[in-house]
Amino acid sequence: SRGDPVTFTARNYDRGAAALSRLRRENPRAQLSLELCDLTSVESIKSFARKLVAEKRLVHTLVHNAGVLRAPGERQLTASGIEITLATNALGPALLTTALLPALAAAPASRVLILTSRLHHPGSRGAPVDFAFDDPNLEHGYDRDRAYKNSKLAAIWVARELDRVLPPSVTCNAICP
């Protein structure tokens, strides 16, 4: 609404275009652009990031809001062989952030926000969080609640590690809406 340029992504063009149209109606002054980026696809992430960096766009704020809210009933893997909930909620944001580092670092001060959840806390609904580093893809004991909780816990770890290793001008936070 302030007229700041905003680029948002969608993995499906038609759904993204519908959202873009709605946002433009609601905010006529908005400078909006839509790009395709699927956080389950390494190539899609890299392609999107290469484009933004090549266009010398500054990224002042990067919000990782895409995610799998309800993990599938059966374990699904990305084309790279990663459990889809973990790829979308944690690993995709990690890869996209690092791929966009030139655009983030070029801004005077930038912020990365990774939306997480408090459902990894003990006593929350469903199967408990149980992140096994020797089985991150949940080959042994897949449960949709565990997949979601593990991915959100991993997203917190990703945010902490990114905040530790990114340049001082880039801050990364995990936030629970």
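Here's a quick rundown of the structure. Sequence order sets the numbering: in each chain, residues are counted from 1 along the sequence as written. Where totals are concerned, whole chains, interfaces and linings use all residues; where local detail is concerned, this predicted model gives features only for residues with pLDDT of at least 70, and gives and counts side-chain atom pairs only at 80 or more. To obtain the side-chain values, all non-hydrogen atoms of the structure were used and water was disregarded.

## Observations concerning the nonpolar core
In plain terms, the rule: Among the buried residues, those of types Ala, Val, Leu, Ile, Met, Phe, Trp, Tyr and Cys that are joined through side-chain atoms within 4.5 Å form a nonpolar core. Type-normalised accessible area, obtained with a 1.4 Å probe on protein chains alone, sets the label of each residue: buried when under 20%, exposed when over 50%, and partly exposed for intermediate values. The numbering of helices and of strands both runs from the N terminus, where a helix is a DSSP run of H or I of at least 4 residues and a strand a run of E of at least 2. Contacts: residue pairs with any heavy atoms within 4.5 Å of one another.
Among the nonpolar cores identified, the biggest contains 26 residues, and Leu 96, Leu 100, Leu 104, Val 112, Ile 114 and Cys 172 are the most heavily contacted of them. Among the secondary structure elements, those contributing two or more residues to this core are α2 (42-54), α3 (84-99), α4 (101-106), β4 (110-115), α5 (144-165) and β5 (170-175). Of all the elements, α5 adds the most residues to this core, at 5 residues. Those residues in contact with Ile 114 that lie beyond four places of it in its chain are His 64, Ala 155, Val 158, Ala 159, Leu 162, Cys 172, Asn 173, Ala 174 and Ile 175. In terms of nonpolar packing, the next biggest core, distinct from the first, is built from 7 residues, Ala 19, Leu 20, Ala 30 and Leu 34 among them.

## Overview of the packing of α2 against α3
Basically, it comes down to this: Here an angle of 0 to 180 degrees is reported between the N-to-C directions of two axes, which are lines fitted to C-alpha atoms, with helices fitted over the stretch in contact. Angle categories are assigned with fixed cut-offs, so that under 35 degrees is roughly parallel, over 145 is roughly antiparallel, 65 to 115 is roughly perpendicular, and the rest are oblique. By the definition used in this description, the sense in which the near helix is turned from the far one sets the handedness, with an anticlockwise turn below a right angle giving left-handed and a clockwise turn giving right-handed. All amino acids are sorted into three groups, where Ala, Val, Leu, Ile, Met, Phe, Trp, Tyr, Cys and Pro are nonpolar, Asp, Glu, Lys and Arg are charged, and the leftover types, Gly among them, are polar.
Running from amino to carboxyl end, α2 crosses α3 at an angle of 25°, the nearest separation of the two axes being 9 Å. Here α2 is positioned roughly parallel relative to α3, judged by the angle of their axes. Where α2 crosses over α3, the two elements pack in a sense that is right-handed. For the pair α2 and α3, contact is made by Val 42, Ile 45, Lys 46, Phe 48, Ala 49 and Val 53 and by Gly 92, Leu 95, Leu 96 and Ala 99, respectively. Tallied by class, residues from the contact of α2 with α3 come to 8 nonpolar, 1 polar and 1 charged.

## Concerning the packing of aromatic side chains
Using the following cut-off: Any Phe, Tyr or Trp ring, taking Trp's six-membered ring, that has another such ring centre within 6.5 Å forms a pair; planes under 30 degrees apart are called stacked, those over 60 apart edge-to-face, and the others tilted.
Taken as a whole and judged by the stated rule, the model has 3 aromatic pairs. Aromatic side chains Phe 131 and Phe 133 sit 5.0 Å apart centroid to centroid with 55° between the ring planes, which places their arrangement in the tilted category. When its relative accessible area of 65% is taken as the criterion, Phe 133 is described as exposed. With a centroid separation of 5.4 Å and 20° between ring planes, the pair formed by Phe 133 and Trp 157 is classed as stacked. In this pair, Phe 133 sits in the loop between β4 and α5 while Trp 157 sits in helix α5, placing the two residues 24 residues apart along the sequence. The exposure class assigned to Trp 157 is partly exposed, which follows from its relative accessible area of 32%. Among the aromatic residues, those joined into a ring-pair cluster are Phe 131, Phe 133 and Trp 157.

## So, the pattern of salt bridges
Which entries qualify depends on this criterion: Note on definitions: salt bridges are taken to be side-chain nitrogens of Lys or Arg within 4 Å of carboxyl oxygens of Asp or Glu.
Counted under the stated rule, the structure contains 8 salt bridges. In this structure, the salt-bridge partner of Lys 51 is Glu 35, at a minimum N-O distance of 3.0 Å. Taken as a pair, Lys 51 in helix α2 and Glu 35 in strand β2 (residues 31-36) lie far apart in primary sequence, 16 residues in all. Between Arg 146 and Asp 130 there is a salt bridge, with the nearest N and O atoms lying 3.8 Å from each other. With Arg 146 in helix α5 and Asp 130 in the loop between β4 and α5, this residue pair connects regions lying 16 residues apart in the sequence. Overall, Asp 130 belongs to the partly exposed group, its relative accessible area being 44%. A single salt-bridge network, built from bridges that share partners, covers Glu 35, Lys 51, Glu 55 and Arg 57.

## Looking at the side chain of Thr 116
Here Thr 116 shows up in the loop between β4 and α5. The class for Thr 116 is buried, based on a relative accessible area of 8%. Dropping the residues within four chain positions of it, Thr 116 is found in contact with Lys 152, Ala 155, Ile 156, Ala 174, Ile 175, Cys 176 and Pro 177.

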